Amino acid sequence: MSHEPFDALVPVYAVGALDGADLAQFEAHLPTCAACQASVRDAEESFMDEPRFQNNHRGNILDPKYTDVGIGIVQAPDGNLYITQDFAAITPERGAGSSR
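Residues numbered from 1 in each chain as written. Predicted model: local features only at pLDDT ≥ 70, side-chain atom pairs only at ≥ 80, totals over all residues. Heavy atoms only, no water.

A.B. asks: Help me understand the overall build of the protein chain, please; the structure alone is not making it clear to me.
C.D. replies: Tallying secondary structure elements over the protein chain gives five helices and two strands in all. Counting from the amino terminus, helix and strand elements in the protein chain follow one another as α-α-α-α-α-β-β. What you see for the protein chain is a C-alpha radius of gyration of 16 Å, clearly larger than the 13 Å of a compact globule of 100 residues, by over 25%. With the C-alpha coordinates of the protein chain rotated into their principal frame, the extents come out at 45 × 35 × 30 Å. Burial statistics for the protein chain: of 100 residues in total, 21% are counted as buried. Once local pairs closer than 6 in sequence are excluded, the contacts in the protein chain between residues at least 24 apart make up 35%. A total of about 7,000 Å² of accessible surface is found on the protein chain, and carbon and sulfur atoms cover 51% of it. (Helix = DSSP H or I, 4+ residues; strand = E, 2+ residues; numbered from the N terminus. Rg over C-alpha atoms; globule rule 2.2 N^0.38 Å. Buried < 20%, exposed > 50% of the residue type's maximum accessible area, 1.4 Å probe, protein only. Contact = heavy atoms within 4.5 Å. Areas by Shrake-Rupley, 256 points an atom, 1.4 Å probe, with all protein chains shown as cover.)

A.B. asks: Explain the environment of Pro 64 to me, please; I cannot follow it from the model alone.
C.D. replies: Tracing the backbone through its elements, the reader meets Pro 64 in the loop between helix H5 (57-62) and strand S1 (68-75). Given the relative accessible area of 74%, Pro 64 is considered exposed. In the structure, Pro 64 is positioned 25 residues away from Ala 89 in sequence and 9.1 Å away in space, judged by C-alpha atoms.

A.B. asks: Just checking my understanding: could you explain the packing of aromatic side chains for this structure?
C.D. replies: We describe a pair of aromatic rings using the distance from one ring centre to the other and the angle between the two ring planes. Applying the stated rule across the entire model yields three aromatic pairs. Residues Tyr 13 and Phe 26 carry aromatic rings whose centres are separated by 4.7 Å and whose planes lie at 35° to one another, so their mutual orientation is tilted. Taken as a pair, Tyr 13 in helix H2 (residues 10-14) and Phe 26 in helix H3 (residues 20-29) lie far apart in primary sequence, 13 residues in all. One aromatic cluster in this structure is built from Phe 6, Tyr 13 and Phe 26. (Phe/Tyr/Trp six-rings, centres within 6.5 Å; stacked < 30°, edge-to-face > 60°.)

A.B. asks: Mind showing me how you'd approach the pattern of salt bridges here?
C.D. replies: Oppositely charged side chains can pair when the atoms bearing their charge come close. Counted under the stated rule, the structure contains one salt bridge. We note a salt bridge from Asp 63 to Lys 65, for which the minimum N-O separation is 4.0 Å. (Salt bridge = Lys/Arg side-chain N within 4 Å of Asp/Glu carboxyl O.)

A.B. asks: Sorry, what's going on with the pairing of strand S2 (residues 81-88) here?
C.D. replies: Two faces belong to every sheet, and in a regular strand the side chains alternate between them. One ladder, built from eight bridges, connects S1 with S2; its direction is antiparallel. Bridged to Gly 72 within S2 is Thr 84. (Pairing = 2+ DSSP bridges.)

A.B. asks: Explanation requested: the side chain of Gln 85 in the structure shown.
C.D. replies: In this fold, Gln 85 is placed in strand S2. On the basis of relative accessible area, Gln 85 is assigned to the buried category, the value being 17%. In this structure the side chain of Gln 85 is engaged in a polar contact, spanning 2.6 Å, whose partner is the side chain of His 57. (Polar contact = N/O pair within 3.5 Å; in protein donor to acceptor, adjacent residues only side chain to side chain.)

Printed below as a string of C-alpha cells:
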C-alpha cells in the first residue's frame, strides 16, 4: 500500500493517540514504508528537540509528576495538522468519574 493514506496519521501515531483499527493498519504498514518510518522519526525528534532541564514540551513529557495527558489534533483546510498536548497530575481521589 502507498504512503499517502498513512501520511496524515504520522503525527497522531507519534503522540500515541492512534488506536483501534487505525493503529493496527498503521503498524502493519510502518515496517514496509521508509517514508513513514522517516516521518515518525522526524515527528518524535521534533517533540524532544528542546533544551534539557527546562520548562518546555520535552520537560513535560519526561516529568514523572504528570500522570495523564490530553491530546487534541485537528487538520486545517490547508491540510496542516495542529497538535496540542495538555499534561496533568491527577491524584487518585480526583480520578475519572469523581466530582469536584
